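The primary structure of each chain is shown beneath.
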Amino acid sequence: MKVNIGLTDAMQKQVAVLLNQLLADEFVLYVKTLNFHWNVVGSDFFALHLFFQKQYEALLDIVDEVAERVRVFNIQSFGSCAEFLEHATIPESIGKRVSALDMLAQLCGDHETVIQSLRKSVAKTAKLGDDGTSNFLTDLMEKHEKMAWMLRSFNVK
């Protein structure tokens, strides 16, 4: 069925492109956080292991929400690792031993990258008249701001 929600097909496609880009970044950030959860070592192991778990669980919920928001427009959401990696702006952490402090710093920087992207996307969706997606993205931005704050707070030594 055709989607009839007050946005043209072209507008819906533009929003879906933004959302799929976000989905790619969210998924890579989720996997990176999961990687750090598995591989953290050091005197703060237990606290960071639990902390990263809380964050990757929140990110998995976000991944699902973003993919479903794409589907609102009856457009296919990305669903493969190849698509996520092709479109993500968040770098992976591949095969390197990373200190706990570097893990916290990398994840904080990645959340800040997502926040900056979200700010631009909110402006674009508002310009398109898509208040629903603008509100959705603003809510996600607040979640990422809180996660970045927690990462920064944990990293204070």
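Whatever comes next refers back to the structure up there.
What counts and how
- Residues numbered from 1 in each chain as written.
- Predicted model: local features only at pLDDT ≥ 70, side-chain atom pairs only at ≥ 80, totals over all residues.
- Heavy atoms only, no water.
- Helix = DSSP H or I, 4+ residues; strand = E, 2+ residues; numbered from the N terminus.
- Contact = heavy atoms within 4.5 Å.
- Polar contact = N/O pair within 3.5 Å; in protein donor to acceptor, adjacent residues only side chain to side chain.
- 1 Å grid on protein atoms, 1.4 Å probe; cavity = no way out; pocket = protein on both sides within 12 Å on 5 of 7 lines; lining within 4 Å.
- Points joined across faces, edges and corners; volume = space filled by probe spheres on them.
- Nonpolar A, V, L, I, M, F, W, Y, C, P; charged D, E, K, R; others polar.

Peer 1: Residues and numbers for the environment of Asp110, please.
Peer 2: With respect to the helices, strands and loops of the structure, Asp110 is situated in helix α4 (residues 100-127). Taking C-alpha positions, Asp110 is 18 Å from Gly95, a pair spaced 15 residues apart along the chain. Aside from chain neighbours lying at most four places away, what touches Asp110 is Leu29, Lys32, Ile90 and Pro91. Here Lys32 takes part through its side chain, which lies 2.7 Å from a polar atom of the side chain of Asp110.

Peer 1: Residue-level account of the layout of surface pockets, with values.
Peer 2: The probe, sized like a water molecule, is rolled over the atoms to show the empty space still left. Computed from the structure, the largest pocket encloses a volume of approximately 230 Å³. Among the elements of the structure, α2 (45-72) and α5 (131-154) are those that each provide at least two residues to the lining of the largest pocket. The leading source of residues in the lining of the largest pocket is α2, at seven residues. Partitioning the lining of the largest pocket into residue classes produces five nonpolar, one polar and five charged.

Just geometry here; none of it tells us what the structure is for.
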